[in-house]
Amino acid sequence: PNTNCCCAVRDSCLTGECCPGQSCCPDCFCPLSFASRPCGWYVEADALALGRTSGRNRPLVVASDSGQTVLETSDLDLGFQLGPRLLVGNRTDIDQAWELTYFGWHNWTATAARADENNLDIPGTMLGVAEDFTAADRMVIDYSARLHNVEFNVVRDRETWSTIAGLRYLRLAEELTLTANDSDS
């Protein structure tokens, strides 16, 4: 393509006209990605489905008599959660914009329980100092997690690629509660 037929890419792309005093050429360089991005404000809204897995499988409750695992992290079914992704941007020039993005409101919860009269313990070295979790009748594990992300970015478009630079705040809040019940104590 002939890149010398126009005063500037943004002049010919935005107005569709040739520059005064120059001949108009049909193959003047104007990337379609730039032509479709007018200056000004824009908003995007999406639904974002995120899934959580239990990660590395770890024992949470063992049988007192055999030491066998009876409840582990894979017993917590976290599944997928649907949340919004919201973006507000301002294209300050044909090849530059700033964007503020949020996604979150994802709230995973899971519960798992086991019952075995006077036969449930927690695994590992904590057993000796956590007497309330020795020879329990029932143990319940509750897990919850919340995710929030906010980011501010500056986007610079080029002919065939873009650059992005910015700041991000990401918060993953998790809570794990283990409750033991024993009718003998």
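Refer to the structure above for everything that follows.
Throughout what follows, the structure given in this document is the object of discussion. Fair warning: this is a prediction, and the values are worked out from it, not measured in the lab.

Some thoughts on the overall build of the chain
Then, number 1: Per the secondary structure count, the chain includes 2 helices and 7 strands.
Then, number 2: When the helices and strands of the chain are placed in sequence order, the string is α-α-β-β-β-β-β-β-β.
Then, number 3: Counting across all 185 residues of the chain, residues that qualify as buried make up 30%.
Then, number 4: When contacts within the chain are restricted to residue pairs at least 6 apart in sequence, those whose partners lie at least 24 apart make up 65%.

A word on the environment of Y143
Then, number 1: One can find Y143 in strand β6 (residues 136-157).
Then, number 2: Residue Y143 is classed as buried on the basis of its relative accessible area of 11%.
Then, number 3: Considered as a pair, Y143 and D77 are 66 residues apart in the sequence and their alpha carbons are 9.7 Å apart.
Then, number 4: Not counting residues up to four positions away in its chain, the partners in contact with Y143 are R52, L76, L78, W108, T109, A110, E174, E175 and L176.

Some remarks on unusual backbone geometry
Then, number 1: Phi at N118 is positive, roughly 50°, even though this residue is not glycine.
Then, number 2: Mapping N118 onto the fold places it in strand β5 (residues 96-121).
Then, number 3: Positive phi, normally seen in glycine, also occurs at A135, with a value near 50°.
Then, number 4: Looking at the secondary structure, you find A135 in the loop between β5 and β6.

Definitions and limits used
Residues numbered from 1 in each chain as written. Predicted model: local features only at pLDDT ≥ 70, side-chain atom pairs only at ≥ 80, totals over all residues. Heavy atoms only, no water. Helix = DSSP H or I, 4+ residues; strand = E, 2+ residues; numbered from the N terminus. Buried < 20%, exposed > 50% of the residue type's maximum accessible area, 1.4 Å probe, protein only. Contact = heavy atoms within 4.5 Å.

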